[in-house]
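Examination of the molecular architecture
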Amino acid sequence: DLASSEVLQTACPTDHQGLKEAARRIGSPLQLLHTIRYLAMEYIDSIAEAKDLTHQEIKMHSASDDAPNDEHEQEDCQDDAVPLGKEVPAGPGVQIPEDLKDTIKRKWLHLRRKEHRWRKLFNGFVRVKDSEKGMKDDENITYDATKIPDVWDNLYYDMLTHRHYLGEKSCKIAEMMAGLLHPLNEWVCLSEFGISIEEKMRIGVDVTWRLIGKVLNDLEFMIEDDVGTIDEAGQHSADGRGGIPRTLSGVSTNSRRVTVAGGASSSGLSAL
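Just so it is clear, the model here is predicted, and its values are computed rather than measured.

Our next topic: the nonpolar core. Within the largest apolar cluster, 40 residues are counted, with the highest numbers of intra-cluster contacts made by Y43, W118, F125, M177, L181 and W187. When residues of this core are traced back to their parent elements, those giving at least two are α2 (17-26), α3 (29-61), α5 (103-125), β2 (141-143), α6 (148-161) and α7 (168-193). L181 has contacts with I36, I148, V151, W152 and L155, leaving out every residue within four places of it along the chain. If you look at the next biggest cluster of nonpolar residues, it comprises 5 residues, including V94, I96, W108 and L109.

Here is the structure:
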């Protein structure tokens with residue numbers, strides 16, 4: 001229990017009051033995660049229920065030629081309704097036409113897209129050890145704590161921008177989840193991005209250095225005959241091996257030069 005004074009000293013070796021307050025509110029992290037899991041399952045089910053009710057409303061009030069009741073659209077309606085814990089189809093889900101003026105159908109598509117997104121997120125956040133035991137046994141469940149900020153962002157987005165699409169039941173569950181998720185999100189974000197200036201600088205340098213290495217590697221691929229001498233961490237490989245001969249890519253580098261600041265140019269990364 002993070003709220004106990006003994007654990008709090010070990011878990012929060014800092015004077016950061018926000019982190020200590022988050023720890024007190026979290027209490028038992030595992031028990032809190034279990035509670036959030038149950039609420040998330042209810043939330044997804046409530047979105048699916050609102051989606052189905054909206055679909056019925058479309059069929060009742062739309063003209064027969066506009067109603068999505070043909071076999072193709074009925075099958076498409078269920079393409080994202082997979083059981084929780086199962087693999088969810090990749091991609092963002094159903095697309096919503098920008099020029100769609102039918103408000104009811106737009107709501108239906110938004111709810112379909114929202115359900116699809118939450119099922120994908122849930123599948124990454126909650127992990128089942130033994131698929132045969134399922135999710136009813138808490139001992140069979142593990143969690144990916146790095147997904148907590150994603151859960152918070154999705155929930156915050158729903159409440160801020162699409163509250164009018166959700167039913168009263170969904171909003172009530174979402175508000176309960178937000179209260180429980182907030183201290184966890186504070187804890188994870190502070191731990192992920194650092195507390196002190198030194199920690200933030202070290203994490204920032206590590207992330208940006210790898211990004212720069214990736215950019216350099218991409219540039220090397222475009223201008224060098226043999227690529228692969230720079231890895232994603234921005235380091236030159238010791239032997240220079242692993243490069244892909246440009247001749248295999250079908251791209252010629254003849255007369256290709258890179259212009260740098262001051263008007264100078266070079267045919268290699270040395271110009272950078």
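The next point concerns the confidence of the model for the protein chain. Averaged over every residue, the pLDDT of the protein chain is 76; the share at 70 or more is 69%. Per-residue pLDDT, averaged within each element of the protein chain, yields its smallest value for strand β3 (residues 258-259) (38) and its largest for β2 (95). For residues 69-81, every residue scores under 50 in pLDDT, and the model assigns this stretch 24 contacts once sequence neighbours within four places are set aside. Taken as a whole, residues 242-272 scores under 50 in pLDDT and shows 51 contacts with residues more than four places along the chain or in a different chain.

Attention now goes to α5. Helical geometry note: an α-helix holds 3.6 residues per turn, so side chains three or four residues apart project in the same direction. With 23 residues, α5 ought to run about 33 Å at 1.5 Å a step, and its terminal C-alpha atoms sit 32 Å apart, in line with that. Taking the backbone nitrogen of I104 as reference, a side-chain oxygen 3.1 Å away marks D102 as the first, capping residue of α5.

Attention shifts here to a nonpolar patch on the surface. Together, V205, W209 and I212 make up a nonpolar patch on the protein surface, roughly 290 Å² of accessible area in all. By the element assignment, W209 lies in helix α8 (residues 197-223).

Attention now moves to the pattern of salt bridges. Enumeration according to the criterion identifies 11 salt bridges in this entry. Linking E21 and R24 is a salt bridge whose minimum nitrogen-to-oxygen distance equals 3.9 Å. Here the residue E21 and the residue R24 both occupy positions in helix α2, the gap between them amounting to 3 residues, near one helical turn. Owing to a relative accessible area of 40%, E21 belongs among the partly exposed residues under this scheme. The salt bridge involving R117 is made with D158; its shortest N-O contact spans 3.0 Å. One end of the pair, R117, is in helix α5; the other, D158, is in helix α6, with 41 residues separating them in the sequence. We classify R117 as partly exposed; its relative accessible area is 24%.

Calculation criteria
Residues numbered from 1 in each chain as written. Predicted model: local features only at pLDDT ≥ 70, side-chain atom pairs only at ≥ 80, totals over all residues. Heavy atoms only, no water. Core = buried A, V, L, I, M, F, W, Y, C linked by side-chain atoms within 4.5 Å. Buried < 20%, exposed > 50% of the residue type's maximum accessible area, 1.4 Å probe, protein only. Helix = DSSP H or I, 4+ residues; strand = E, 2+ residues; numbered from the N terminus. Contact = heavy atoms within 4.5 Å. pLDDT = per-residue confidence, 0-100. Expected span 1.5 Å × (residues − 1). Polar contact = N/O pair within 3.5 Å; in protein donor to acceptor, adjacent residues only side chain to side chain. Patch = residues over 30% accessible without salt bridge, like charges linked within 9 Å, V, L, I, M, F, W, Y side chains within 5 Å. Areas by Shrake-Rupley, 256 points an atom, 1.4 Å probe, with all protein chains shown as cover. Salt bridge = Lys/Arg side-chain N within 4 Å of Asp/Glu carboxyl O.

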